[in-house]
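Commentary on secondary and tertiary structure
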Amino acid sequence: MTITFQQVINGFYFTGLAEVEPAEAATEITPGSPTIVTVWRLRLDGNPKDCIDIINPAIVQRLEQMIVEAL
């Protein structure tokens, strides 16, 4: 499922879209899997241009973790 998000990190306002794959419980046949979030569109401080390709990957990972924690 695709979600929109808004997060503030160190005074910078990030908005964008992320794909969420919900967690799956373990069964007798398959192991469980955690919730996975992948940010695929990212905008900084209201700028209309997508900055996913130029932003530090550590910031993207932090955003993804913040989204998982908020779910």
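Use the structure listed above.
Now for a look at the structure at hand. (Residues numbered from 1 in each chain as written. Predicted model: local features only at pLDDT ≥ 70, side-chain atom pairs only at ≥ 80, totals over all residues. Heavy atoms only, no water.)

Describing the environment of G46
As for its position among the elements, G46 is in the loop between β3 (36–44) and α1 (57–70). Put simply, G46 and Y13 are 33 residues apart on the chain and 7.5 Å apart in space, counted from C-alpha to C-alpha. (Helix = DSSP H or I, 4+ residues; strand = E, 2+ residues; numbered from the N terminus.)

As for α1
Given a rise of 1.5 Å per residue, 14 residues ought to cover 20 Å, and the 20 Å separating the end C-alpha atoms of α1 matches this to within 8%. All of the buried residues along α1 are V60, L63, E64 and I67. Burial along α1 is one-sided: seen end-on, the buried residues are contained in an arc of 100 degrees. Away from its buried face, by an angle of more than 90 degrees, α1 presents the exposed residues Q61 and E69. (Expected span 1.5 Å × (residues − 1). Buried < 20%, exposed > 50% of the residue type's maximum accessible area, 1.4 Å probe, protein only. Arc of directions from axis to C-beta.)

Thoughts on the sheet that holds strand β1 (residues 2–9)
Here 3 strands make up an open sheet; going across it, the order is β1-β2-β3 and the pairing antiparallel. What marks the edges here is a single partner per strand, and that holds for β1 and β3. Direction aside, the axes of adjacent strands within the sheet are offset by 30 degrees on average. Pairing analysis gives 8 bridges linking β1 to strand β2 (residues 12–21), with the strands arranged antiparallel. (Pairing = 2+ DSSP bridges. Axes fitted to C-alpha atoms, helices over the stretch in contact; angles between N-to-C directions.)

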